[in-house]
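Each chain is listed here by its residues.
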2 protein chains.
Amino acid sequence: MSEIVNPSILSGFMELLPEEQVQFNRLKEIVEEGFVEFGYLPIETPAIEKLEILLSKGGGETQKQIYKIEDKSINQALKYDLTVPLARYVAQYQYDLTFPFKRYQIDRVYRGERNQRGRYREFYQADIDIIGRENLSLINDAEIPYTMYKIFKKLNIGKFTFHVNNRKILNGYFEYLAIEDKDETMRILDKIEKIGYKNVREEFTEIGIDEDTQNKIFDLIKFDTNEDVLKRLKSLDVDNKTYIEGVKELELVYKYMKEFQIEEEYINLDISIARGLDYYTSTVIETFLDGHEDLGSVCSGGRYDNLASNFTKTKLPGIGLSIGLTRLFFTLKEANLINYMDDDFHYIKALIIPMNEEQMEYAIKVGNMLRNEGENIQIYYESGKMKKKFSYADKINCEYSIIIGSDEAKEEKVSLKNMKTGLQETVQLNELINMIK
Amino acid sequence: MSEIVNPSILSGFMELLPEEQVQFNRLKEIVEEGFVEFGYLPIETPAIEKLEILLSKGGGETQKQIYKIEDKSINQALKYDLTVPLARYVAQYQYDLTFPFKRYQIDRVYRGERNQRGRYREFYQADIDIIGRENLSLINDAEIPYTMYKIFKKLNIGKFTFHVNNRKILNGYFEYLAIEDKDETMRILDKIEKIGYKNVREEFTEIGIDEDTQNKIFDLIKFDTNEDVLKRLKSLDVDNKTYIEGVKELELVYKYMKEFQIEEEYINLDISIARGLDYYTSTVIETFLDGHEDLGSVCSGGRYDNLASNFTKTKLPGIGLSIGLTRLFFTLKEANLINYMDDDFHYIKALIIPMNEEQMEYAIKVGNMLRNEGENIQIYYESGKMKKKFSYADKINCEYSIIIGSDEAKEEKVSLKNMKTGLQETVQLNELINMIK
């Protein structure tokens, strides 16, 4: 006999008890249905990829966070996001795919980083991306948040806000202001929500941006109504092609978002956001739950001019948004916002309880009958006291219990108990399905 | 600019093009629905577990096949089946779960073995198990194959056969024959389908089983009708408690399988099968597609007296069956047996094609309207020639295309084209949903 090993999982990982798993799966299902509604196709890439693929964008933070697989001969690791595998997939199968290629992938990704509260080493992302060949219309930049808008509405999570920007505006404006390190400036500005206005000023000063220039930046990003933001952007006399293009694109994306009927108060043209990752080139989007902004963006993404430049010379522009699904789930749980399941949801329609072994054949027959009508039915096969059997019914969250004694079996009846009201009545077998439907 | 990295995946891994992925996902969905119908609860365990958990059953083949994660301090690896994590899960949460605990898990597992044809390093398993605390009724041993029976029927894969045995019969019989190495004898016998009768005889001789004893073994396992197999087993005057118990159990499982209405010709009481894995203690089941027996069992499992003995002192008997889902998918594809999707299945109900940018707002409106009626709708936003747009509609497998020119937009109409018949007609917007439903 081998020794007892303590049953436990690695720190930074998580798993759910069945009841929560049912909730999580329903969340995943609603998200997936929302993606399919817009014609996104499913793909699934391996968990393990060649290391050179995963590191093709260059190392940095990624390299530190990657889970490597032990192997003498092959460098391989677990995928840490769904975007790099998508880029590889699209480049690899570019002659088999039809462009624009709309794909969704809801899958687990892996980060070997030190675990912190709310950060997992394995978690779900739910991504949609639209990839064009050579070109991709700007309307896609509005359809993508609209897809998410419909999903969040269906999830019934209360008010939320899309923060939308175009990085060309910042890039062009920094160019116009003759700022040397545009990337660093953008990175600092991007932290304004997190570290605050004062710290951003300090960091700007540190990299040599003078106060006058700083003021000009803060003037640009001032909050205002969307119409007024656009007015201000256009009224500034910025003689820079990239800036002008960015403003025009942002205005169009906003116009299309409205045409899709995203309500005005769900959109916030927010010139301060940039998204850390450097592959975004124009539209960038973050999504916050109103009143829970401190939890961070629950759905982020943007447009990249050339998704797969590391894998192919074909120009493949794309736009994508990603939900951190595991994080969203725990956010909703914490904020008491799991409103997407009916209060009287029952995983199991009925538990059939035969009182004795003798009623087993009849119980099986009743179970078969109800399942053939599309109901989810469980039968309690174990022997034991009725009290134990009833207690099982209480625990498994079934809507009804169907009790079968010798009389019921003889007379083709059942005793039907509504678990919520506690009411119990004798029902003819041929009436049973209508009673519980 | 970074170098171009060749976009490819590791050998032994696979991924599907979207059209096949849709087929695979539908397979997964039917299997899942079949599990839920019987009240199995979903669980999901991490891909990465502590190495001591995964190796708790002792090394051997497993140890060689395991994917280890590179880490200085923690021994961890990828799960290679769903049974060991289940045992760990049930032991870990035994005071939170309700027993009998019916769970399903459809998930990817990892084997670092050398890849061969039809063997992948990452593949899906679809497992159901019922775990009792201390006791578990034998009826579960019949419900489990019935659950699979209903799923395979729904998948419409043609005739298949459950081979059912009880290891107590072989164990008791070997004991009765005073065979020394019962495990090895069983392992050799289990290979009879693969290596044939003659080779089994040879290997028996090698481990010192005399011809007379060999004959007695071959007498026991002779194929026959199910009733005759049971008659023969009972008529043999084997004075061994384990044997007698095994025969009685097999007879009961057979009786219950019939009560569940599994057709007689789908059941084969086959005393030769044992299943290699050593944790099965009584009922063992394999499933073959008739005419494709060479492809091996598509669904296998059995009963274990004590699932989690490595993790807890609580006795947790269980019965489980597992579908190798990835393998089943490719088996069905090869045998041309993907019959579970309608011939006129369309992932996308309609592609809306605005002729010009001017009709975009109207196209968005039509798309919103149809989606709100529950249809999966895509809009073609790109500019370009009509020919290119129509060719896109041909490629994406939509049931209809909806063409919108300036007249249609003005008059609240659309031009509706049935992609199969090629017929095109002008339809009032308020009649559109009824036309395509």
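Described in the following lines is the structure provided in the data block.

### Structural notes on the pattern of salt bridges
All names here are of chain B.
Okay, step 1: Inspection of every chain in the model, using the stated rule, returns 64 salt bridges over all chains.
Okay, step 2: For the salt bridge of glutamate 20 with lysine 333, the shortest nitrogen-to-oxygen distance reads 3.8 Å. In this pair, glutamate 20 is assigned in helix α1 (residues 18-37) and lysine 333 in helix α12 (residues 325-334), connecting sequence segments 313 residues apart.
Okay, step 3: When its relative accessible area of 26% is taken as the criterion, glutamate 20 is described as partly exposed.
Okay, step 4: Given the relative accessible area of 30%, lysine 333 is considered partly exposed.
Okay, step 5: The partner of aspartate 228 in a salt bridge is lysine 231, with the nearest N and O atoms 3.6 Å apart.

### Some points on the side chain of Ser300(A)
Residue and element names in this part refer to chain A.
Okay, step 1: Topologically, serine 300 is positioned in strand β9 (residues 299-304).
Okay, step 2: Serine 300 sits in the buried class, given a relative accessible area of 11%.
Okay, step 3: Side-chain polar atoms of serine 300 contact the side chain of serine 297, separated by 2.6 Å.
Okay, step 4: Every residue in contact with serine 300, bar those within four places of it in the chain, is listed here: Arg275, Ile285, Glu286, Gly320, Leu321 and Ser322.

### A closer look at the packing of aromatic side chains
Okay, step 1: Taken as a whole and assessed by the stated rule, the structure comprises 50 aromatic pairs over all chains.
Okay, step 2: For the pair Tyr146(A) and Phe260(A), a centre-to-centre distance of 5.0 Å together with 25° between the ring planes defines the contact as stacked. Of this pair, Tyr146(A) sits in helix α5 (residues 140-155) while Phe260(A) sits in the loop between α11 (241-259) and β7 (267-269), placing them 114 residues apart in sequence. Phe260(A) carries the same exposure label as Tyr146(A), and that label is buried.
Okay, step 3: Aromatic rings pair up to connect Phe38(A), Tyr146(A), Tyr149(A), Phe152(A), Phe160(A), Phe162(A), Phe260(A), Tyr266(A) and Tyr381(B) into one cluster.
Okay, step 4: Note that Lys417(B) overlies the ring of Phe390(B), its terminal NZ or CZ placed 5.6 Å from the centroid.

### Some remarks on unusual backbone geometry
Residue and element names in this part refer to chain A.
Okay, step 1: Proline 100 follows phenylalanine 99 through a cis peptide bond whose omega is -5°.
Okay, step 2: With respect to the helices and strands, the residue proline 100 is situated in the loop between α4 (83-92) and β4 (101-110).
Okay, step 3: Positive phi outside glycine occurs at asparagine 156, with the angle close to 60°.
Okay, step 4: You can see asparagine 156 is positioned in the loop between α5 and β6 (160-166).

### Quick look at the interface of chain B and chain A
Okay, step 1: Counting residues at the interface gives 99 residues for chain B and 99 residues for chain A.
Okay, step 2: Here chain B and chain A share an interface that buries about 8800 Å² over both sides, 56% of which is from carbon and sulfur atoms.
Okay, step 3: Run the count over chain B and chain A and you get six salt bridges.
Okay, step 4: In this structure, Asp107(A) and Arg108(B) form a salt bridge, with 2.3 Å as the shortest nitrogen-oxygen distance.
Okay, step 5: There are 43 residue pairs in polar contact (both at pLDDT 80 or more) connecting chain B and chain A.

### Considering the sheet that holds strand β13 (residues 398-404) of chain A
Residues and elements named next belong to chain A.
Okay, step 1: Here we have five strands laid out as an open sheet, ordered β12-β11-β13-β14-β15, and mixed in their pairing. A single partner strand is all that each edge strand has here, and the edge strands are β12 (377-379) and β15 (424-428). Each neighbouring strand pair of the sheet contributes to a mean axis angle of 30°, computed without reference to strand direction.
Okay, step 2: As paired strands, strand β11 (residues 348-354) and β13 are joined by six bridges and run parallel to one another.

### A look at the packing of helix α6 (residues 167-176) of chain A against α11(A)
All names here are of chain A.
Okay, step 1: Axis separation between α6 and α11 bottoms out at 7 Å; the angle between their running directions is 155°. Relative to α11, α6 is oriented roughly antiparallel. Our pair here, α6 against α11, has a crossing hand that is left-handed. Listed contacts from α11 to Lys168, Ile169, Gly172, Tyr173 and Glu175 of α6 are Thr242, Tyr243, Glu245, Gly246, Val247, Glu249 and Leu250.
Okay, step 2: Considered class by class, the residues forming the contact of α6 with α11 number five nonpolar, three polar and four charged.

Rules used throughout
- Throughout, residues of each chain are indexed from 1 in the direction in which the sequence is written.
- Following the order in which they are written, the chains are lettered starting with A and the ligands numbered starting with 1.
- With the structure being a predicted model, the display of local features is reserved for residues of pLDDT at least 70 and the display and counting of side-chain atom pairs for 80 or more, all residues being used for whole-chain, interface and lining totals.
- Heavy atoms from the whole structure form the basis of all side-chain values; hydrogens and water molecules are not counted.
- By definition, a salt bridge exists where a carboxyl oxygen of Asp or Glu is found within 4 Å of a side-chain nitrogen of Lys or Arg.
- Only DSSP runs of H or I covering at least 4 residues are called helices, and only runs of E covering at least 2 are called strands; the numbering of each starts at the N terminus.
- Any residue under 20% of the maximum accessible area for its type is buried, any over 50% is exposed, and the rest in between are partly exposed; the area is computed with a 1.4 Å probe on protein chains only.
- Definition of a polar contact: a pair of N or O atoms within 3.5 Å, with one able to donate and the other able to accept a hydrogen when the atoms are protein atoms, and with sequence-neighbouring residues admitted only if both atoms are side-chain atoms.
- Every residue pair with non-hydrogen atoms within 4.5 Å of one another is taken to be in contact.
- Stacked, edge-to-face and tilted are the three classes for Phe, Tyr and Trp ring pairs, Trp counted by its six-membered ring, which pair at centre distances within 6.5 Å; planes under 30 degrees apart are stacked, over 60 edge-to-face, the rest tilted.
- Remark: a charge is flagged as sitting over a ring if the NZ atom of Lys or the CZ atom of Arg is within 6 Å of the ring centre and within 35 degrees of the ring normal.
- Values labelled buried area give the accessible surface lost by two parts on being combined, using a 1.4 Å probe and summing over both.
- What makes two strands pair is DSSP finding at least two bridges between them.
- Inter-axis angles, ranging from 0 to 180 degrees, are taken between N-to-C directions of lines fitted to C-alpha atoms, where helices are fitted over the stretch in contact.
- Convention used here: angles under 35 degrees read as roughly parallel, angles over 145 as roughly antiparallel, angles from 65 to 115 as roughly perpendicular, and any remaining angle as oblique.
- Helix crossings are classified by the rotation of the near helix relative to the far one: an anticlockwise turn of less than a right angle makes the crossing left-handed, while a clockwise turn makes it right-handed.
- Charged residues are taken to be Asp, Glu, Lys and Arg, nonpolar residues to be Ala, Val, Leu, Ile, Met, Phe, Trp, Tyr, Cys and Pro, and polar residues to be all remaining types, Gly included.

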